[in-house]
Amino acid sequence: MSGEVHDMPFSIPREEFMEPGHTACHGCGATLAMRYVLKALGKNTVVSVPASCWAVIPGAMPNRTLDVPMVYTPFAATGASITGLRAAFDILGKEDYNVVGFAGDGGTADIGLQSLSGAMERGHNVFYIMYDNEGYMNTGVQRSGSTPYGAETTTTPVRAEKNFKHQQKKVVADLMMAQGVPYVATATVAYPEDLIRKIGNAKKIAGPKFIQVLSPCPTGWYFPTEKTVEISRMAVQSGMFPLYEYYDGKLRVTKPSRPLSIREYVSAQDRFLHLEDEDIERLQVTVDQRMKTLLDRERETSGA
Ligand SMILES: Cc1ncc(C[n+]2csc(CCOP(=O)(O)OP(=O)(O)O)c2C)c(N)n1
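Conventions we followed
- Residues numbered from 1 in each chain as written.
- Predicted model: local features only at pLDDT ≥ 70, side-chain atom pairs only at ≥ 80, totals over all residues.
- Helix = DSSP H or I, 4+ residues; strand = E, 2+ residues; numbered from the N terminus.
- Buried ≥ 20, exposed ≤ 12 C-beta atoms within 10 Å, placed from the backbone.
- Contact = placed C-beta atoms within 7 Å.
- Core = buried A, V, L, I, M, F, W, Y, C linked by C-beta atoms within 7 Å.
- Near = placed C-beta within 6 Å.
- Nonpolar A, V, L, I, M, F, W, Y, C, P; charged D, E, K, R; others polar.
- Expected span 1.5 Å × (residues − 1).
- Pairing = 2+ DSSP bridges.
- Axes fitted to C-alpha atoms, helices over the stretch in contact; angles between N-to-C directions.
- Parallel < 35°, antiparallel > 145°, perpendicular 65-115°, else oblique.
- Left-handed = near helix turned anticlockwise from the far one by under 90°.
- Right-handed = clockwise from strand over helix to strand, strands pointing away.
- Arc of directions from axis to C-beta.

**As for the overall build of the protein**
The number of helices and strands found in the protein is 11 helices and 8 strands. Overall size of the protein, expressed as C-alpha extent along the three principal axes, is 60 × 50 × 35 Å. Here the protein holds 304 residues, and 46% of them are scored as buried. Sequence-distant contacts, at least 24 apart, represent 69% of the contacts inside the protein between residues at least 6 apart.

**A closer look at the nonpolar core**
Counting 77 residues, the largest nonpolar core has Ala33, Val37, Phe102, Ile129 and Val213 as its most contacted members. Sort the elements by how many residues they give to this core and helix H1 (residues 29–41) lands first, with 9 residues. With residues up to four places along the chain from it excluded, the contact list for Phe102 reads Met34, Val47, Val49, Trp54, Ile129 and Tyr131.

**With respect to the site of the ligand**
Near the ligand lie 17 residues; those nearest to it are Ala51, Cys53, Gly104, Gly106 and Asn138. Elements with a contribution of two residues or more to the shell around the ligand: helix H2 (53–56) and helix H4 (106–110). Split by residue class, the shell around the ligand holds 7 nonpolar, 9 polar and 1 charged.

**Looking at H1**
Taking 1.5 Å per residue, 13 residues should reach 18 Å; H1 reaches 19 Å between its end C-alpha atoms and fits that length. By the criterion of burial, H1 is predominantly enclosed, with 11 of the 13 residues buried. Restricting attention to buried positions, one finds in H1 the residues Gly29, Ala30, Thr31, Leu32, Ala33, Met34, Tyr36, Val37, Leu38, Ala40 and Leu41. Just downstream of H1, Gly42 is the residue with a positive phi angle, here 85°.

**Examining the pairing of strand E8 (residues 250–253)**
Alignment of strand E7 (residues 244–247) against E8, held across 4 bridges, turns out to be antiparallel. Residue pairing across strands places Tyr247 opposite Lys250, the latter belonging to E8. As consecutive antiparallel partners, E7 and E8 are separated by 2 residues, and within that stretch Asp248 has a phi angle of approximately 55°, a positive value.

**Quick notes on the packing of H1 against helix H7 (residues 192–203)**
Contact pair H1 / H7: the axes reach a minimum separation of 9 Å and the direction vectors enclose 45°. Between H1 and H7, the crossing angle belongs to the class labelled oblique. Note on packing geometry: the crossing formed by H1 with H7 is right-handed. Counted together, Tyr36, Val37, Lys39, Ala40 and Leu41 of H1 and Pro192, Leu195, Ile196, Ile199 and Gly200 of H7 form the full contact between these two elements.

**Regarding the pairing of strand E5 (residues 183–188)**
Burial analysis of E5 places 6 of its 6 residues in the buried class, the great majority of the element. Alignment of E5 against strand E6 (residues 209–214), held across 6 bridges, turns out to be parallel. Residue pairing across strands places Ala185 opposite Ile211, the latter belonging to E6. A crossover connection joins E5 to the parallel E6 through H7; in handedness this β-α-β unit is right-handed.

**Observations regarding unusual backbone geometry**
The peptide bond linking Met61 to Pro62 adopts the cis configuration, its omega dihedral lying at 5°. Mapped onto the fold, Pro62 is located in the loop between H2 and strand E2 (70–73). At Val141, a residue that is not glycine, the phi angle is positive and equals roughly 65°. Tracing the sequence through the fold places Val141 in the loop between strand E4 (127–132) and helix H6 (172–179). The backbone phi angle of Tyr222 is positive, close to 60°, even though this residue is not glycine. Secondary-structure assignment places Tyr222 in the loop between helix H8 (218–221) and helix H9 (228–237).

**Observations concerning the sheet that holds E6**
One open sheet accounts for 8 strands, arranged E2-E1-E3-E4-E6-E5-E7-E8; its pairing is mixed. Lying at the two open borders of the sheet, with one neighbouring strand each, are E2 and E8. In this sheet, adjacent strand axes meet at a mean angle of 20° when their direction is disregarded. Taken together, the 4 bridges between strand E1 (residues 45–50) and E2 define a ladder with parallel strand orientation. Across the sheet, the residue bridging to Val49 is Tyr72, located in E2.

**Remarks on H6**
For H6, the full list of buried residues reads Val172, Ala173 and Met176. Across the axial projection of H6, the buried residues extend over an arc of 100°, all falling on one side. For H6, the secondary structure elements touched by its buried residues are H4, helix H5 (113–121), E4, E5 and E6.

**Digging into the environment of Gly27**
Its place among the elements puts Gly27 in the segment before H1. When the 19 C-beta atoms within 10 Å are taken as the criterion, Gly27 is described as partly exposed. Apart from residues no more than four positions distant in its own chain, Gly27 is found in contact with Pro218, Thr225, Glu226 and Thr228.

So far we have only geometry, and geometry alone does not tell us how the molecule works.
Here's what the structure looks like:
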């Protein structure tokens, strides 16, 4: 296993709850995210999925790729649907079932944010997994609140002017931490051990749990399909997507052991092809500031 995140001995559960034959694009990071989440949670799990890539990935009936029950929910309503499902499972005496919302970044950072925030605030025993591919990918690579500064999308087309996304990424995990959600973490598909271990920790908390999983998208980020895991790892090493875990009021941040520059990260994806030195520098400054804020918070909450 990689020494990047954890050097503890760890074994990934062998059982699979995703069958071959899904309809995702080649190299889809979001399929890995689902596969690892289900490995960590096991068969007593029900998944609620809103309009998104994951609404089409399982295929049309009678085909299916998941070996657990799945509910399709309206785009804005993942938070509401998981609290309803939780109540129903509890009434049926199935308290041991994991109820999981599994939504994209558009469905989480944008249209579903109030539903998510309400569900977390009401304190239900649910998981919310945001698979973050940094855009509305299922409908043709439109920008979302979670798209990073500098990225080209079909609604921020570069063409002749510098018309890329000029706003910074809205990080929903940071919002959830600020809201005081009992368990919040970030993870990515390059580090399955880290993701599975975090879900194991989250499981011990009988309340709301939010995990944001960076899930690179070769179709919308414009990189070769075999590089999904590599790009995901580079996002962590460059500080573009820091890995952390927050519970018991304490923040623990993973410091990249082989730091990369933002220039190295953006150079690997054509969605950033048009960026000039000053744009990359602006992104680097923001990334450094956010890392400093997280490390300061870690120090404060650890009492050190
Ligand atoms: C109320 C509503 N508005 C718009 C849509 C159209 N729609 C379906 S999927 C989607 C994009 C979803 O983006 P995201 O949540 O980021 O998931 P991804 O497609 O990237 O997996 C949109 C806009 C819809 N289904 N419902």
